[in-house]
Amino acid sequence: MARKNAKKVKTPTASMTKEVVNAKTEAKAEEEPAPPATGTFGWVLKLVAVAAAVAVTYYLRQLDIEIVRAAHYIARTDVTEHLRFNVTCAPMKENETVPGCHQENETMCGRALIDNFVTPKQVTQLREIAEIGMQNRSKLGGPTIMDINTGFVRDSEGLVNIYQPEREFPNENKPGVKRFTKKQFNLYRGVVEKIRMALMKEFELEELYFSAPTFITRLIGNDSWTPSEIHDEYWHPHVDKENTKHYDYSGLLYLADHGEDFTGGLFSFIDENTETVIEPARGRLMMFTAGSENRHAVRKVETGTRYVLSLWFSCDERKQFHNFLDGEMHKHFRRS
């Protein structure tokens, strides 16, 4: 006879047994590795894995190539009063050289950098000039180029003249709309002359002439932007003198900070086996001889907005621009 206070043992039911079996099965599944995928799905997984491995390998190789090629990397924060690299001049025909302007010593062509060439206030004022000339132009992406001297502004939507916006074919003999103040023209003119004098000092020149055109370029980063024509693809390597024969010296004055105002948009001199890469910085001046010894490129701007003032100078007095910055449209070189 069973004792009155004895505990009753609960007999497992079918549902309880099923729960225990399921728990054991799940535990076993966690312990054992999953069998390899088979069939079409398995091949897809394998292809994805291979593609990912190839992509990573390619990226690392490209990164390694960039690191190896960049013999010199000048960051925005590497502030310098003066930096100079000499390069061997590209050959020129004897009848094309101008004594006292072209380099007689073939090893003395080069590229130079000066930081804080203009003040932060002047950078801001030059950017204000750019925004006045570029107002109502596209900000969807890509380049907008303004030539303050002629009044022409170009972006991916086309070409307009800000001094004669109502004319499809501007007439340089007709008065134009006043866009800029005398103070703004004087600032721009003063910066151009200061750069010309800096080039003459840097390359020990006896004469050098400012030549048209002069651009402020605004580059806006936007992944969804698509170039409408080849002129919008600003990132291709090029040589200034091959684009325009009378260009002998080039000057670039940066009006935006890499890493602060924009990303991407690095400038690089492309040599045979190496590159010299420069981060733009507000007030940083780049000067260089314009021949094929200084082939260069600008990388795509990824985000933000990049501004630069571009100038070219000639040894040919006939290409000097005299009627400069008077608020009218000019198409031709004129001797005074």
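Residues numbered from 1 in each chain as written. Predicted model: local features only at pLDDT ≥ 70, side-chain atom pairs only at ≥ 80, totals over all residues. Heavy atoms only, no water.

Applied cut-off: UniProt positions are given in the numbering used here, feature names are shortened, and annotations may be inferred rather than shown by experiment.
Per an unreviewed UniProt entry, the chain goes by Fe2OG dioxygenase domain-containing protein and derives from Phytophthora palmivora. Word for word, the UniProt comment on the chain under Cofactor (unreviewed entry) is "L-ascorbate".

**A word on the packing of helix H3 (residues 120-134) against helix H4 (residues 182-202)**
To keep it simple, the criterion reads: In this analysis an axis means a line fitted to C-alpha atoms, helices contributing only their contacting stretch, and an angle means the value between N-to-C directions, from 0 to 180 degrees. Runs of E in the DSSP output that reach at least two residues are strands. Runs of H or I that reach at least four are helices, and both are numbered from the N terminus. In a left-handed crossing the near helix is turned counterclockwise from the far helix by less than a right angle, and in a right-handed crossing that turn is clockwise. By definition, residues are in contact when any of their heavy atoms lie within 4.5 Å. Each residue gets one of three labels, nonpolar for Ala, Val, Leu, Ile, Met, Phe, Trp, Tyr, Cys and Pro, charged for Asp, Glu, Lys and Arg, and polar for the others, Gly among them.
Relative to each other, H3 and H4 sit at 115°, their axes nearing to 11 Å. Once H3 is placed against H4, the crossing between them reads as left-handed. Listed contacts from H4 to Gln-122, Gln-125, Leu-126, Ile-129 and Ile-132 of H3 are Gln-184, Leu-187, Tyr-188 and Val-191. Class assignment of the residues belonging to the contact of H3 with H4 gives a composition of six nonpolar, three polar and no charged.

**Some words on the packing of aromatic side chains**
Definition in use: Pairing of aromatic rings covers Phe, Tyr and Trp, the last counted by its six-membered ring, and requires centre-to-centre distances within 6.5 Å; plane angles under 30 degrees mean stacked, over 60 mean edge-to-face, and any other angle means tilted. When accessible area is computed with a 1.4 Å probe and restricted to protein chains, residues below 20% of their type maximum are described as buried, those above 50% as exposed, and intermediate ones as partly exposed. Either the NZ atom of lysine or the CZ atom of arginine qualifies as a charge over a ring when it sits within 6 Å of the ring centre and within 35 degrees of the ring normal.
Enumeration according to the criterion identifies 10 aromatic pairs in this entry. Centre to centre, the rings of Tyr-247 and Trp-312 are 5.0 Å apart; their planes meet at 5°, and the pair counts as stacked. Of this pair, Tyr-247 sits in the loop between helix H5 (240-243) and strand S8 (249-254) while Trp-312 sits in strand S14 (residues 301-314), placing them 65 residues apart in sequence. Taken as a pair, Tyr-247 and Trp-312 share a single burial class, namely buried. Seen in terms of ring centroids, Phe-267 and Phe-269 are 4.9 Å apart; in terms of plane orientation they differ by 80°. Their pairing is edge-to-face. The same class applies to Phe-267 as to Phe-269, namely buried. An aromatic cluster of at least three residues, connected via ring pairs, comprises Tyr-163, Phe-180 and Phe-185. Just above the ring of Phe-269 sits the side chain of Arg-111; from NZ or CZ to the centre is 4.3 Å. For the cation-ring pair, Lys-194 lies above Phe-117, with the distance from its terminal atom to the ring centre recorded as 4.7 Å.

**Notes on the environment of Phe-215**
By the element assignment, Phe-215 lies in strand S7 (residues 209-220). Judged by its relative accessible area of 23%, Phe-215 is partly exposed. Measuring from C-alpha to C-alpha, the distance between Phe-215 and Val-153 comes to 9.2 Å, with 62 residues separating the pair along the chain. In this view, Phe-215 contacts Ile-145, Met-146, Asp-147, Tyr-188, Val-308, Leu-309, Ser-310 and Trp-312; residues no more than four positions away in its chain are not counted.

**A short note on the pattern of salt bridges**
Pairing between side chains of opposite charge can happen when the charged atoms of each approach one another. Our working rule: Between Lys or Arg on one side and Asp or Glu on the other, a salt bridge is scored when a side-chain nitrogen of the former is within 4 Å of a carboxyl oxygen of the latter.
Enumeration over the complete set of coordinates arrives at 12 salt bridges. The salt bridge partner of Arg-76 is Glu-260, with a shortest N-O separation of 3.6 Å. Of this pair, Arg-76 sits in the loop between strand S1 (70-74) and strand S2 (83-87) while Glu-260 sits in the loop between S8 and strand S9 (262-264), and the two are 184 residues apart along the sequence. According to the relative accessible area criterion, Arg-76 is partly exposed, its value standing at 22%. Residue class for Glu-260 comes out exposed when judged on its relative accessible area of 57%. A salt bridge links Arg-127 to Asp-261, with the shortest nitrogen-to-oxygen separation between them at 3.9 Å.

**Looking at H3**
Formally: To estimate how far a helix should extend, the number of its residues minus one is multiplied by 1.5 Å.
For H3, built from 15 residues, the straight-helix expectation of 21 Å at 1.5 Å per residue is met to within 8% by its first-to-last C-alpha distance of 21 Å. Among all positions in H3, only Val-123, Gln-125, Leu-126, Arg-127, Ile-129, Ala-130, Gly-133 and Met-134 are buried. Note on H3: the residue one or two positions beyond its end, Asn-136, has a positive phi of about 70°.

**Details of the state of the cysteines**
We count it as follows: Any cysteine sulfur atom paired with another within 2.5 Å is treated as part of a disulfide.
Applying the stated rule across the entire model yields two disulfides. What pairs with Cys-89 in a disulfide is Cys-109, and their sulfur atoms sit 2.0 Å apart. The chirality of the disulfide connecting Cys-89 with Cys-109 is right-handed, given an S-S dihedral of about 105°. Taken together, the positions of Cys-89 in the loop between S2 and strand S3 (109-114) and Cys-109 in strand S3 put the pair 20 residues apart, joining distant regions of the chain.

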